[in-house]
There are 2 protein chains.
Amino acid sequence: MELQGTSLIGGGRGASAGGEMRAVNPATGEELEPSYFTASRAEIDEAVALATEAAGPYGRLSGKERAVFLRAIADEIEALGDALKERVMAETALPEPRVLGETARTAGQMRLFADVIDEGSWVRARIDHGDPDREPMSKPDMRSMLRPVGPVVVFGASNFPLALSTAGGDTASALAAGNPVIVKAHPAHLGTAEMMGQAVRAAVKKCGMPDGVFSLLFGLGNQLGEVLVQHPDVKAVGFTGSLKGGRALMDLAAARPEPIPFFAEMGSINPVFILPEALAERGEAIAAGLQGAVNLGVGQFCTNPGMVVLDAASDGSGLVEKLTGSMGETPVAAMLTEGISEAYKAGVASVAGTEGMKVLAGGKGSGDGAGFGAEAALFEISGEAFLANPELRHEVFGPSTILVKPSGKEEALAIARSMEGNLTATVHGTEADIEANRELIELLEKKVGRLVFNGYPVGVEVGHATVHGGPYPASADGQSTSIGTMSIYRFARPVAWQDAPESILPQELQEANPLGISRMVEGKLEAGS
Amino acid sequence: MELQGTSLIGGGRGASAGGEMRAVNPATGEELEPSYFTASRAEIDEAVALATEAAGPYGRLSGKERAVFLRAIADEIEALGDALKERVMAETALPEPRVLGETARTAGQMRLFADVIDEGSWVRARIDHGDPDREPMSKPDMRSMLRPVGPVVVFGASNFPLALSTAGGDTASALAAGNPVIVKAHPAHLGTAEMMGQAVRAAVKKCGMPDGVFSLLFGLGNQLGEVLVQHPDVKAVGFTGSLKGGRALMDLAAARPEPIPFFAEMGSINPVFILPEALAERGEAIAAGLQGAVNLGVGQFCTNPGMVVLDAASDGSGLVEKLTGSMGETPVAAMLTEGISEAYKAGVASVAGTEGMKVLAGGKGSGDGAGFGAEAALFEISGEAFLANPELRHEVFGPSTILVKPSGKEEALAIARSMEGNLTATVHGTEADIEANRELIELLEKKVGRLVFNGYPVGVEVGHATVHGGPYPASADGQSTSIGTMSIYRFARPVAWQDAPESILPQELQEANPLGISRMVEGKLEAGS
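Summary of the structure given here. (Residues numbered from 1 in each chain as written. Chains lettered and ligands numbered in written order. Predicted model: local features only at pLDDT ≥ 70, side-chain atom pairs only at ≥ 80, totals over all residues. Heavy atoms only, no water.)

1. Notes on the overall build of chain A
A tally of regular secondary structure across chain A gives 15 helices and 23 strands. Taken over the C-alpha trace, chain A has a radius of gyration of 25 Å; the compact-globule value for 529 residues is 24 Å, and the two agree within 12%. Reported as C-alpha extents along the three principal axes, the dimensions of chain A are approximately 75 × 65 × 40 Å. Look at the contacts in chain A between residues 6 or more apart in sequence, and 75% of them connect residues 24 or more apart. Carbon and sulfur atoms provide 53% of the accessible area of chain A, an area that totals close to 17,800 Å². (Helix = DSSP H or I, 4+ residues; strand = E, 2+ residues; numbered from the N terminus. Rg over C-alpha atoms; globule rule 2.2 N^0.38 Å. Contact = heavy atoms within 4.5 Å. Areas by Shrake-Rupley, 256 points an atom, 1.4 Å probe, with all protein chains shown as cover.)

So this is what it looks like as structure tokens:
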């Protein structure tokens, strides 16, 4: 596939004009071919107009028809083969196993959503039968189900060039729910975006979907994203990125004449609490697990554990020594972009400069040599000093973590209470630890979307029970998840039909249940056949 | 019950100090005893602090325990008896049957939510079992369910002093989901609010609930509402009222350092489309139905039909003549407040003054005599003129409606396309009409939360399939409903437990399913026992 550097607008291409940009190899700093051109306002409008036109017909396709389309996308992604792998590695410096794994995950989640809509019960069909004889008023027949919201804008994420970008989770869930998608490519992996966009387009053609069901736009700076979020015909947004960028767009979405749902996953610090018995029993093993979790993907995971709370009285477990050693020995590795690497350096420097902070390993933030290298960093601070420095509750995106040592249980609770919303919290504890720390765990439950026990938060499973979201600022909308099959619910809304003739009812609501889906009838759930 | 005029703050009372106000009898204009006192900032903080303290213990009660509480509230409401009825009638001028009906609905919906949480499946429990042997990585055990969001603020509605106010739908759904509630009383029915608040408090005491689970605050002007929506410990808001007031609060909620979910139901114009065969077959019957729907509760329903679209070529059906006659003969009736009545007069005057608008009946907006009387009004305009006057798409709250006469099918489609988000749209049509107007119906589906066929949108059923919401500006969040059992989902958020020991899992997620609820296991729904 030859890369062209122009936006994909429905079935057509944007012009080779407008602000130019290039992807950069983070391992070497060299610019990659070709140049990419910023979509013009007219091109943006065209993409949105095509999506709006496609919304009706695409949204009325059956789940089975859309499932065929999603599976075709998965096939096309896999067909990209080595060319995709090489481009992703060149643009991101991610290692081959990660790129292969993420490719498999991206195709896999497309197929998982295909399975969900093929089966069909996700629409939450509900039927309350009418009763013409009810006194004092007859009771109407009421039937409701979820329907698509309309054109969805998806922002590609820097840190998951495949699984959370062009044909990633947001795109899969929005398409599954019946919405056209307009993707804003992330500037860090432009060629990857174009290849993935081509894969989606190939599936659109193969399956005879309306052209406007998918567009991919390139743009320099923030303007493209701002225009899309404010476009009157865009009906929802999915975003993965920084708190600063996410909040700015979230505010734009809320200030529109017609505010729209804005789903942003903005990362978090993901506290890990190590309880006394677990620490004593397996401090060194936990240290090894933490080193792996903090450094996975050069720390560029939303679920990267940015702080580890362990009792000050529990020294001698070997955890601190072991972790200090292994963090110090972690090789310098390239981050995704120069901007991310610079932000990491600044973040690490700010942590290192906090009063009472001890640098156990690393701490300069960058290594020597070419590319956007990051040095792993480990810090230590007392619980008291941590509580006195609220800025430590904000994420430093990269391979660093802070050991926080409260003076006892009460201070550990105070630390938990001081946390903002997080994607995850992790507890290492024996059964006895957990029993003795119920209050802590109940407190953590209120702050997060996912509670992890005796494990590590990185590498979230894409399943049916998955929650990858959390109270603000982890997510813009803490009532949603951006990963897992429940994410489909972000892009749907309920519609009720009252006393509607069968001929106009969607199949999901017809009396005979022709699709055999699970439905709630008179308030009682009936499992599908 | 003696009315005291002070806020109910957990188990205590606010001071008899701060800005005073009185309820007014809308039929006579006379002020009612006693004076009500504005809650101070310290009292607001105390109510929120009590709610925050209660959130943990209340949220961890089982659904069965909370169901007992909700049923006790229903009993206490019914025990208010004639005293409540008389106070509501004095404060609202609503007729006795309506007040009795609304009381029954209010107690009934409390019991309906009790049934939902007693049964327990509403939490959407999902279980994906782990697999330690999976390659290349072991698969964790993941279990998720809905948990309460935290303290919820509810704004009493002017037009439903019982069913959508102090112990109304928002309060019922928030309490059912496990959240403490702080109600801002609507100034139009202060005594009703205090009586209903006392009923809730009596149930709190009887069931041994934490005091902070319910507070009721009185306040003059907008300040109380603004402080509550911006309070850092408030986690969600339910509101029913005007677009102007709702949007102002919605903007405050979005601009918070930690934005919170804001669920407002802000009314709509609820278009009714009469298709040709239905018009020809039963024009007069539809006219009778419309007269009833437009004037129900003096037009003070969010689902009041504010416009009726019928083909210009379809005269002679008798609908227009019949409706003109019956609207002209509708007796003048008192609206809820002086402000509502003034706004109605102004709204009607503005409609009457629109270029091309014909006044068929009424049109002055107010009647003679005492109180806040409203005169029913009927207008007529061509489709072309309607489309040229976008301000006609905004609700006039009260007993008026506009007949819109498009020149043909294309113009009718253009009118549907021009609509903003609405709670409902209604279609009167024979099977043949509906078949011939699929495009129109598909268009309307995108604009509303509920599609009504051959009926009238007023008087929404409180059921499991009910959707009372719609795209903005009908609702702040068009993905939610404010009436019916699905409204519980506004005040809950998903939490996942990864590899958690059974001892810490909520009962809903324990392997043996001790509650016998419906759950999704490995992506497949298993009906409860």
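2. A word on helix α9 (residues 276-295) of chain A
Residue and element names in this part refer to chain A. End to end, α9 covers just 25 Å across 20 residues, shorter than the expected 28 Å (1.5 Å per residue, more than 12% under). At Arg 282, α9 shows its maximal kink, close to 90 degrees. Of all the positions in α9, only Ala 278, Leu 279, Gly 283, Ile 286, Ala 287, Gly 289, Leu 290, Gln 291, Ala 293, Val 294 and Asn 295 are classed as buried. Positioned one or two residues after α9, Gly 297 has a phi angle of 55 degrees, which is positive. (Expected span 1.5 Å × (residues − 1). Bend = angle between axes of the 7 residues up to and from the residue. Buried < 20%, exposed > 50% of the residue type's maximum accessible area, 1.4 Å probe, protein only.)

3. So, the environment of Gly 528 of chain B
Residues and elements named next belong to chain B. Relative to the helices and strands, Gly 528 resides in the segment after β23 (524-526). Owing to a relative accessible area of 23%, Gly 528 belongs among the partly exposed residues under this scheme. In this structure, the C-alpha to C-alpha distance between Gly 528 and Gly 347, residues 181 residues apart in sequence, is 52 Å. Setting aside chain neighbours within four positions, we find Gly 528 in contact with Gly 516, Ile 517 and Ser 518.

4. Some remarks on the sheet that holds strand β18 (residues 400-405) of chain B
One open sheet holds the 12 strands; their spatial order is β23(A)-β22(A)-β5(A)-β6(A)-β21(A)-β20(B)-β19(B)-β12(B)-β13(B)-β18(B)-β17(B)-β15(B), and the pairing between them is mixed. This sheet does not close on itself; its edge strands, each paired only once, are β23 (524-526) of chain A together with β15 (358-361) of chain B. Taken pair by pair, the neighbouring strands of this sheet meet at an average axis angle of 25 degrees, ignoring direction. Strand direction decides the pairing type here: strand β5 (residues 126-128) of chain A and strand β6 (residues 142-148) of chain A, joined by 3 bridges, are antiparallel. (Pairing = 2+ DSSP bridges. Axes fitted to C-alpha atoms, helices over the stretch in contact; angles between N-to-C directions.)

5. Comments concerning the packing of helix α2 (residues 63-79) of chain A against helix α4 (residues 96-119) of chain A
Residue and element names in this part refer to chain A. Two elements in contact, α2 and α4, have axes separated by 8 Å at closest approach and are oriented at 170 degrees. On the basis of the axis angle, α2 is roughly antiparallel to α4. Along its contact with α2, which presents Gly 63, Lys 64, Arg 66, Ala 67, Leu 70, Arg 71, Ile 73, Ala 74, Asp 75, Ile 77 and Glu 78, the element α4 presents Thr 103, Thr 106, Ala 107, Met 110, Arg 111, Phe 113, Ala 114, Asp 115, Ile 117 and Asp 118. Taken together, the residues of the contact of α2 with α4 sort by class into 10 nonpolar, 3 polar and 8 charged. (Parallel < 35°, antiparallel > 145°, perpendicular 65-115°, else oblique. Nonpolar A, V, L, I, M, F, W, Y, C, P; charged D, E, K, R; others polar.)

6. A short note on the sheet that holds strand β13 (residues 307-310) of chain A
Taken in spatial order, the 12 strands line up as β15(A)-β17(A)-β18(A)-β13(A)-β12(A)-β19(A)-β20(A)-β21(B)-β6(B)-β5(B)-β22(B)-β23(B) in an open sheet, and their pairing is mixed. Edge strands, defined here as strands with exactly one partner in the open sheet, are β15 (358-361) of chain A together with β23 of chain B. Direction aside, the axes of adjacent strands within the sheet are offset by 25 degrees on average. The pairing of β15 of chain A with strand β17 (residues 377-382) of chain A spans 3 bridges and is classified as antiparallel. Residue pairing across strands places Val 359 of chain A opposite Phe 379 of chain A, the latter belonging to β17 of chain A. Packed onto the sheet, α9 of chain A meets β12 (272-274), β13, β18 (400-405) and β19 (422-428) of chain A and runs at close to 150 degrees relative to β12 of chain A.

7. Quick notes on the relation of the copies chain A and chain B
Here the two chain copies are tied together by a rotation about an axis and a shift along that axis. The two copies are related by a screw operation: chain A maps onto chain B through 180 degrees of rotation and 0.0 Å of translation along the axis, at an RMSD of 0.0 Å. These values place the two chain copies in the arrangement generated by a two-fold rotation axis. Across chain A, the rotation axis passes nearest the C-alpha of Ala 527 of chain A, at a separation of 2.8 Å. Mapped onto chain B, 100% of the interface residues of chain A are again interface residues, and the two copies thus contact each other with one and the same surface. (Least-squares fit on C-alpha atoms with pLDDT ≥ 70 in both.)

8. Topic: the pattern of salt bridges
Opposite charge on two side chains permits them to pair, given that their charged atoms come into close proximity. Tallied over the entire structure, the rule returns 51 salt bridges over all chains. Residue Glu 442 of chain B is joined to Arg 60 of chain A by a salt bridge in which the shortest nitrogen-to-oxygen separation is 3.3 Å. Taken together, the positions of Glu 442 of chain B in helix α15 (residues 438-445) and Arg 60 of chain A in helix α1 (residues 41-60) put the pair across two chains. Judged by relative accessible area, Glu 442 of chain B falls into the partly exposed class, the value being 22%. Note that Glu 96 of chain B and Lys 85 of chain B form a salt bridge whose closest N and O atoms lie 2.5 Å from each other. Of this pair, Glu 96 of chain B sits in helix α4 (residues 96-119) while Lys 85 of chain B sits in helix α3 (residues 81-92); the two residues are 11 residues apart in sequence, bridging distant segments of the chain. Judged by relative accessible area, Lys 85 of chain B falls into the buried class, the value being 14%. One salt-bridge network, in which partners are shared between bridges, spans Lys 64, Arg 71, Asp 115 and Asp 118 of chain A. (Salt bridge = Lys/Arg side-chain N within 4 Å of Asp/Glu carboxyl O.)

9. Let's talk about the interface of chain A and chain B
On the side of chain B, 75 residues touch chain A, which itself brings 75 residues to the contact. Buried surface at the junction of chain A and chain B, both sides included, amounts to about 6,000 Å², of which 52% is carbon and sulfur. Between the two partners, chain A and chain B, sit 6 salt bridges. Arg 147 of chain B is the salt-bridge partner of Glu 445 of chain A, the closest N and O atoms lying 2.8 Å from each other. Where chain A meets chain B, there are 46 residue pairs in polar contact (both at pLDDT 80 or more). Residue assignment for the side of chain A that touches chain B shows that the elements contributing at least two residues are α1, β5, β6, α8 (243-255), α14 (431-436), α15 (438-445), β20 (448-453) and β21 (492-498) of chain A. Here the residues of the side of chain A that touches chain B are counted per class, giving 37 nonpolar, 14 polar and 24 charged. (Buried area = accessible area lost by both parts, 1.4 Å probe. Polar contact = N/O pair within 3.5 Å; in protein donor to acceptor, adjacent residues only side chain to side chain.)

10. Side note on the packing of α9 of chain A against helix α10 (residues 319-329) of chain A
Residues and elements named next belong to chain A. Put simply, α9 and α10 touch, their axes get as near as 8 Å, and they point 25 degrees apart. Classed by the angle they form, the pair α9 and α10 counts as roughly parallel. You can see that α9 and α10 cross each other, and the crossing is right-handed. Each of Leu 279, Gly 283, Glu 284, Ile 286, Ala 287, Leu 290, Gln 291, Val 294 and Asn 295 in α9 lies in contact with α10, whose residues at this interface are Leu 319, Lys 322, Leu 323, Ser 326 and Met 327. Its residues assigned to classes, the contact of α9 with α10 comprises 8 nonpolar, 4 polar and 2 charged. (Left-handed = near helix turned anticlockwise from the far one by under 90°.)

11. A word on unusual backbone geometry
Residues and elements named next belong to chain A. Here the bond from Tyr 472 into Pro 473 is cis, since omega is 10 degrees, no more than 30 degrees from zero. Mapped onto the secondary structure, Pro 473 falls in the loop between β20 and β21. Positive phi, normally seen in glycine, also occurs at Asp 499, with a value near 55 degrees. Topologically, Asp 499 is positioned in the loop between β21 and β22 (519-521).

12. Some words on the side chain of Asp 141 of chain B
Residues and elements named next belong to chain B. As for its placement among the helices and strands, Asp 141 is situated in the loop between β5 (126-128) and β6 (142-148). Given the relative accessible area of 15%, Asp 141 is considered buried. A distance of 2.7 Å separates polar atoms of two side chains, one belonging to Asp 141 and the other to Arg 143.

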